[in-house]
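A structural walkthrough
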Amino acid sequence: QVQLVESGGGTVQTGGSLTLTCAASGRTFSRQSIGWFHQPPGKERHFVAAIMADGYTEYADSVKGRFAISKDNVKNTASLQMNSLKPEESGVYYCGAHSGGTLVFARNYRYWGQGTQVTVSS
């Protein structure tokens, strides 16, 4: 079992920045691939970024060049640096522990945190 806790959400103006953190426990973190997903109100969660155990990263096209995912195996955390935020990127951000398969599909993540709220004001 993997336990994940997100933090770092808040309110920023359009164009502002936030760093979200996913703290993990329960399994060997260095072997764990982590993904970040965004769920706007009333919609399904969709892929934002992921980092694999070997350091490979993948990003949704909409966030390339603005967001950066990283992993710290000493602190057992994975972070998502979000820059130049847009109002449509408001909503809950979840981190998930990847269980295999294509990174962009939420169904390929077995464990999830409870999310952290991001609000981007216009």
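Residues numbered from 1 in each chain as written. Predicted model: local features only at pLDDT ≥ 70, side-chain atom pairs only at ≥ 80, totals over all residues. Heavy atoms only, no water.

**Observations regarding unusual backbone geometry**
As a reminder, the rule being used: Secondary structure elements are taken from DSSP: a helix is a run of H or I of four residues or more, a strand is a run of E of two residues or more, and numbering for both begins at the N terminus.
One non-glycine residue, Asn76, adopts positive backbone phi at about 55 degrees. When you line up the elements, Asn76 lands in the loop between strand 7 (67-72) and strand 8 (77-82). Notably, Ser84 is not glycine yet its phi reads approximately 50 degrees, a positive angle. Tracing the backbone shows Ser84 in the loop between strand 8 and strand 9 (91-98).

**Details of the sheet that holds strand 7**
The criterion, for reference: Two strands pair under a simple rule: DSSP has to find at least two bridges between them. Axis definition: a line fit to C-alpha positions, over the contact stretch in the case of helices; interaxial angles, taken between N-to-C directions, run 0 to 180 degrees.
As summarised here, the arrangement of the 4 strands in space is 1-3-8-7, forming an open sheet in which the pairing is antiparallel. Sheet topology places strand 1 (3-7) and strand 7 at the edges, where each strand pairs with a single neighbour. For this sheet, the mean angle separating the axes of adjacent strands, direction not counted, is 15 degrees. By the bridge criterion, 6 bridges tie strand 7 to strand 8 in an arrangement that is antiparallel. Opposite Lys71, over in strand 8, you have Ala78 as the bridge partner.

**Examining the side chain of His98**
To keep it simple, the criterion reads: Using a 1.4 Å probe on the protein chains alone, a residue whose accessible area is under 20% of its type maximum counts as buried, one over 50% counts as exposed, and one in between counts as partly exposed. What qualifies as a polar contact is a pair of N or O atoms within 3.5 Å, subject to a donor-acceptor requirement within protein and to the restriction that residues adjacent in sequence count only when both atoms come from side chains. Note on definitions: a residue-residue contact is assigned when non-hydrogen atoms from the two residues lie within 4.5 Å.
Mapped onto the elements of the fold, His98 is located in strand 9. Taking relative accessible area as the criterion, His98 reaches 14% and is therefore assigned buried. Reaching out from His98, the side chain makes a polar contact with the backbone oxygen of Gly100 at a distance of 3.3 Å. What His98 contacts, discounting residues up to four positions off in sequence, is Gln32, Ser33, Leu103, Asn108 and Tyr109.

**Structural notes on the environment of Leu18**
Mapping Leu18 onto the fold places it in strand 3 (residues 18-25). The buried category is assigned to Leu18, whose relative accessible area is 13%. For the pair formed by Leu18 and Lys75, sequence separation is 57 residues and the distance between their alpha carbons is 19 Å. Apart from residues lying up to four places away in sequence, Leu18 is in contact with Gly8, Gly10, Val12, Leu80, Gln81, Met82, Leu85 and Val118.

**Description of the state of the cysteines**
This is how it is decided: Cysteine sulfur atoms are paired as a disulfide whenever they fall within 2.5 Å.
One pass over the full model with this rule turns up 1 disulfide. One disulfide in the model links Cys22 with Cys95; its S-S distance is 2.1 Å. The sign of the 70 degrees torsion about the S-S bond sets the Cys22-Cys95 disulfide as right-handed. You can see Cys22 sitting in strand 3 and its partner Cys95 sitting in strand 9, a full 73 residues away along the chain. Cys22 gets classed as buried once you look at its relative accessible area, which sits at 0%.

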